[in-house]
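For reference, the chains in residue letters:
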Amino acid sequence: MKKSIDLFTELISNNLNGSNKGIYSICTTNSEVLEACLKNSLETGDILLIESTSNQVNQFGGYTGMKPCDFIKYVHSLANKVGFPKDHILFGGDHLGPNPWQNLPAKEAMEKSKTLIDEYVKHGYQKIHLDTSMFCADDLGDRTKPLSDEIVADRASILCKVAEDSWERNRKNYPKPVYIIGTEVPIPGGAQNMHENILPTSPEDFARTIMIFKDVFNKCGLEDAWTRVIGAVVQPGVEFGDDWIYQYQREKARSLSNSIFEFTNIVFEAHSTDYQTESNLSALVEDHFCILKVGPGLTFAFREAIFALEAMEIELLGKDHKGLSKLRQTLEKAMIEEPNYWKKYYSGDQNQQLFKRKYSFSDRSRYYWPLKELDLAKNKLFKNLRNNKIPLPLLSQFMPNQYHQVCAGILENDPQELVHNHIQSVVKTYSKACHSTTNNLL
């Protein structure tokens, strides 16, 4: 049976040859989201690409408290829970580089980045996004403009060499890693200003980046690694903010899309594709933005479902019942007490910030769900709704899509299953856009 990395590279080659198939990349550590995605891939028969960022998971634990080896074990435990084959999961490392240590001098930040890359490859990550596009503390130059391609490529080559050496020491019985490069990286988690000029990367800038990277890699003796550079992060002209979305306009990206054929075995990786319509996601895949990254859009769906369940809990038990989960209240308290994850992202007065903490598309609440008090509140909510089965009229009121599936006998009227189903409604949009069909890969 072919390995997930081989199926992944085949898919990329086929996309360039006109298959119009792509793959979506799940970038989250939320257990309910991951379970829902694993269930969806179990249904479709596709491999599942799961990525963690250098902020989420690193050698110091990141904001999740997990090191690379911990995240692998964590995902595998969820796969075992739902019966998904572990060898059908492809692990990717996203934004691997100095990003968590931008406040340090470049030399120190790069030393930490080397350890980061080594840990990711050593423990089984096979898709590596080399992202050295950020300024470090002592970098000179105009910080309103991107760091130069030459510096970015030089630092990326250093990290690529670390990855290659780590594979040689630790993973020789497994396929070699593949790499994603690119300096035009959208803001993680969405933009902050809807008036920002969201334009596709120019074909000239894309070509220049590729040629500089190729030249640097070859000069550093990384010719073999260069053959495994299978994607480049570019801006296709998509973005989202608190309450707005820039939908894909393929005519504006046409010249960029056509420029992909100037290079061999490289596709585009599109970040910030959350909240795009299914037709626009399909168009992205057809235009060789073969890898679609999604993160906040999935945790946003999780939050929607959890809020709907709590609304039903209150209707069932009464707003003054002493046994309520008080989930939204617990979430708001946690966000107020520790505002670092949202304060600089949510502008406006108190009412506007309150609205954004609950409903923003950028979904900064995703950083708080791993907290023990939130997990306890979620479990209490599930328990209350299992002990007081949700009446169908109430389900119809707050989760109408799930109501119809429950009535049809294809969905269990269980709170966790309802949450997973709502998340899967988003995941299926990506499956369809990537033209996934049962057993099309496995």
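As the structure is a prediction and not an experimental result, all values here were calculated from the model. (Residues numbered from 1 in each chain as written. Predicted model: local features only at pLDDT ≥ 70, side-chain atom pairs only at ≥ 80, totals over all residues. Heavy atoms only, no water.)

Caption draft 1: Examining the packing of aromatic side chains more closely. Under the counting rule described, the total for this entry stands at 25 aromatic pairs. For the ring pair Phe355 and Tyr359, a centre distance of 5.3 Å and an interplane angle of 55 degrees mean the geometry is tilted. Linking Phe355 with Tyr359, this pair stays in helix H12 (residues 350-359), spanning four residues, or about one helical turn. Here a set of aromatic residues connected by ring pairs shows up, and it is made of Phe71, Tyr74, Phe91, Tyr120 and Tyr125. A cation sits over an aromatic face here: Arg303 above Phe300, 4.8 Å from the ring centre. The ring of Tyr345 has Arg364 sitting right over it, with the charged end atom 3.6 Å from the ring centre. (Phe/Tyr/Trp six-rings, centres within 6.5 Å; stacked < 30°, edge-to-face > 60°. Helix = DSSP H or I, 4+ residues; strand = E, 2+ residues; numbered from the N terminus. Lys NZ or Arg CZ within 6 Å of the ring centre and 35° of its normal.)

Caption draft 2: Focus on the packing of helix H10 (residues 296-317) against helix H16 (residues 415-433). Viewed as axis vectors pointing N to C, H10 and H16 meet at an angle of 145 degrees, and their least axial separation amounts to 9 Å. The interaxial crossing formed by H10 with H16 has right-handed handedness. Only Pro415, Leu418, Val419, His422, Ile423, Val426 and Val427 of H16 make contact with H10, whose side of the interface consists of Gly297, Leu298, Ala301, Phe302, Glu304, Ala305, Ile306 and Leu309. Taken together, the residues that form the contact of H10 with H16 break down as twelve nonpolar, two polar and one charged. (Axes fitted to C-alpha atoms, helices over the stretch in contact; angles between N-to-C directions. Left-handed = near helix turned anticlockwise from the far one by under 90°. Contact = heavy atoms within 4.5 Å. Nonpolar A, V, L, I, M, F, W, Y, C, P; charged D, E, K, R; others polar.)

Caption draft 3: Spotlight on the nonpolar core. If you look at the biggest cluster of nonpolar residues, it comprises 128 residues, and the most contacted ones within it are Phe8 and Leu309. When sequence neighbours within four positions are dropped, the list of residues in contact with Leu309 reads Leu381, Phe382, Leu385, Ile390, Met399, Pro415, Leu418 and Val419. (Core = buried A, V, L, I, M, F, W, Y, C linked by side-chain atoms within 4.5 Å. Buried < 20%, exposed > 50% of the residue type's maximum accessible area, 1.4 Å probe, protein only.)

Caption draft 4: Quick look at H10. Taking 1.5 Å as the rise per residue, H10 with 22 residues should run 32 Å; its terminal C-alpha atoms sit 31 Å apart, in good agreement. Most of H10 sits out of view: 17 of its 22 residues are buried. Just downstream of H10, Gly318 is the residue with a positive phi angle, here 95 degrees. (Expected span 1.5 Å × (residues − 1).)

Caption draft 5: Summary view of the pattern of salt bridges. Taken as a whole and assessed by the stated rule, the structure comprises 31 salt bridges. Glu150 serves as the salt-bridge partner of Arg208, at 2.9 Å between the closest nitrogen and oxygen. Pair noted here: Arg208 is in helix H6 (residues 203-219) and Glu150 is in helix H5 (residues 149-170), with a separation of 58 residues, a long-range link. Classification of Glu150 as partly exposed rests on a relative accessible area of 40%. A salt bridge links Lys219 to Asp215; the shortest N-O distance between them is 3.2 Å. With Lys219 and Asp215 both in helix H6 and four residues apart, the pair spans about one turn of that helix. On the accessibility criterion, Lys219 (67% relative accessible area) is exposed. Overall, Asp215 belongs to the partly exposed group, its relative accessible area being 38%. (Salt bridge = Lys/Arg side-chain N within 4 Å of Asp/Glu carboxyl O.)

Caption draft 6: Main features of the side chain of Arg357. Mapped onto the secondary structure, Arg357 falls in helix H12. In this structure the side chain of Arg357 is engaged in a polar contact, spanning 2.7 Å, whose partner is the side chain of Glu332. With residues near it in sequence (within four places) discarded, Arg357 still touches Glu332, Met335, Ile336, Trp342, Tyr346 and Ser365. (Polar contact = N/O pair within 3.5 Å; in protein donor to acceptor, adjacent residues only side chain to side chain.)

Caption draft 7: The pairing of strand S2 (residues 48-53), seen in detail. When you tally the buried positions in S2, you get six out of six residues, the bulk of the element. Residues Leu48, Ile50 and Ser52 line one face of S2 and the alternating positions Leu49, Glu51 and Thr53 line the opposite face, and both faces are buried. For the crossover that starts at strand S1 (residues 23-27), traverses helix H2 (residues 31-44) and ends in the parallel S2, the hand is right-handed. Relative to strand S3 (residues 89-96), S2 is paired through six bridges, and the arrangement is parallel. Along S3, the bridge assignment pairs Leu48 with Ile89. Between S2 and its parallel partner S3, the chain crosses via helix H3 (residues 68-82), and the hand of that crossover is right-handed. (Right-handed = clockwise from strand over helix to strand, strands pointing away. Pairing = 2+ DSSP bridges.)

Caption draft 8: Molecular detail of the sheet that holds strand S5 (residues 178-181). One closed barrel holds the eight strands; their spatial order is S1-S2-S3-S4-S5-S6-S9-S10, and the pairing between them is parallel. Averaged over all pairs of adjacent strands, the angle between their axes in this sheet comes to 25 degrees, without regard to strand direction. Where strand S9 (residues 267-270) and strand S10 (residues 291-294) come together, two bridges link them in parallel fashion. Paired with Ala270 across the bridge in S10 is Leu292. Helix-sheet contacts for helix H4 (residues 106-122) involve S2, S3 and strand S4 (127-130), and the interaxial angle to S3 is about 175 degrees.

Treat this as a map of the structure, not an account of what it does.
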